[in-house]
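Examination of the molecular architecture
One-letter residues, chain by chain:
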Amino acid sequence: MTTLPEKLLLLRNERGLSQEKAAASQGIAYRSYRRYETGEREPTASVLIRMADFYGVAIDYLVGRTEERS
């Protein structure tokens, strides 16, 4: 099963975004986004919702509960 950091990296790379651009586009501090993507920190529920909306996927996909994106 794929973890949140792996999913974030995959989704960001699919869009061709840097960590800085992905963070700014979601209204998340760059340092926080970097830590989410490296697994050093876990996002709050409100940040997970923002990420899921930005990438157009379900929260369950982001957190590894399913491999179905929507």
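Please refer to the structure placed before this passage.
Before going into details, it helps to say that this report is about the structure given with it. (Residues numbered from 1 in each chain as written. Predicted model: local features only at pLDDT ≥ 70, side-chain atom pairs only at ≥ 80, totals over all residues. Heavy atoms only, no water.)

**Let's talk about a nonpolar patch on the surface**
Operational definition: Patch building starts from residues that exceed 30% relative accessible area and form no salt bridge, then joins like charges within 9 Å and nonpolar side chains (Val, Leu, Ile, Met, Phe, Trp, Tyr) within 5 Å. Method for areas: the Shrake-Rupley scheme with a 1.4 Å probe, in which residue coverage is limited to the protein chains shown. Salt bridges, as used here, are contacts in which a Lys or Arg side-chain nitrogen is within 4 Å of a carboxyl oxygen on Asp or Glu. Secondary structure elements are taken from DSSP: a helix is a run of H or I of four residues or more, a strand is a run of E of two residues or more, and numbering for both begins at the N terminus. Between buried and exposed lies partly exposed: a residue is buried under 20% and exposed over 50% of the maximum accessible area for its type, with that area taken using a 1.4 Å probe on protein chains only.
On the surface, a nonpolar cluster with roughly 210 Å² of combined accessible area is contributed by Ile49, Ile59 and Val63. With respect to the helices and strands, Val63 occurs in the segment after helix H5 (59–62). With relative accessibility at 35%, the residue Val63 sits in the partly exposed group.

**Details of the side chain of Glu37**
This is how it is decided: Here a polar contact is recorded for every N or O atom pair within 3.5 Å, except that within protein the pair must consist of a potential hydrogen donor and a potential acceptor, and residues adjacent in sequence are included only if both atoms are side-chain atoms. Note on contacts: a residue pair qualifies if any of its non-hydrogen atoms lie within 4.5 Å across the two residues.
Mapped onto the elements, Glu37 comes out in helix H3 (residues 30–38). Taking the relative accessible area as the measure of exposure, Glu37 reaches 9% and is therefore buried. For Glu37, the side chain forms a polar contact with the side chain of Gln19, separated by 2.9 Å. If near-sequence neighbours (up to four positions away) are discounted, Glu37 is found in contact with Pro5, Leu8, Leu9, Arg12 and Gln19.

**A word on the packing of aromatic side chains**
For the record, the criterion: Here is the rule: rings of Phe, Tyr and Trp (six-membered ring for Trp) pair when centre to centre is within 6.5 Å. Planes less than 30 degrees apart are stacked, more than 60 are edge-to-face, and the remainder are tilted. By the criterion adopted, a ring carries a charge over it if an Arg CZ or a Lys NZ lies within 6 Å of its centre and within 35 degrees of its normal.
Counted according to the given criterion, the structure contains one aromatic pair. Their ring planes at 75° and their centres at 4.8 Å tell us that Phe54 and Tyr55 sit as a pair that is edge-to-face. The two residues Phe54 and Tyr55 agree in class, both being buried. Seen from the ring of Tyr61, Lys7 lies directly overhead, with NZ or CZ sitting 3.9 Å from the centre. Over the ring of Phe54 we find Arg15, and its NZ or CZ is 4.6 Å from the ring centre.

**A closer look at the pattern of salt bridges**
Per the counting criterion, the structure on display carries four salt bridges. The closest approach of N and O atoms between Glu67 and Lys7, which form a salt bridge, is 3.4 Å. Placement of Glu67 in the segment after H5 and of Lys7 in helix H1 (residues 4–14) is noted, with a sequence separation of 60 residues between them. The class of Lys7 is buried, set by a relative accessible area of 1%. A salt bridge links Arg12 to Glu37; the shortest N-O distance between them is 2.7 Å. Here Arg12 is found in helix H1, whereas its partner Glu37 is found in helix H3, with 25 residues between them in sequence. The residues Arg12 and Glu37 share a single accessibility class, namely buried.

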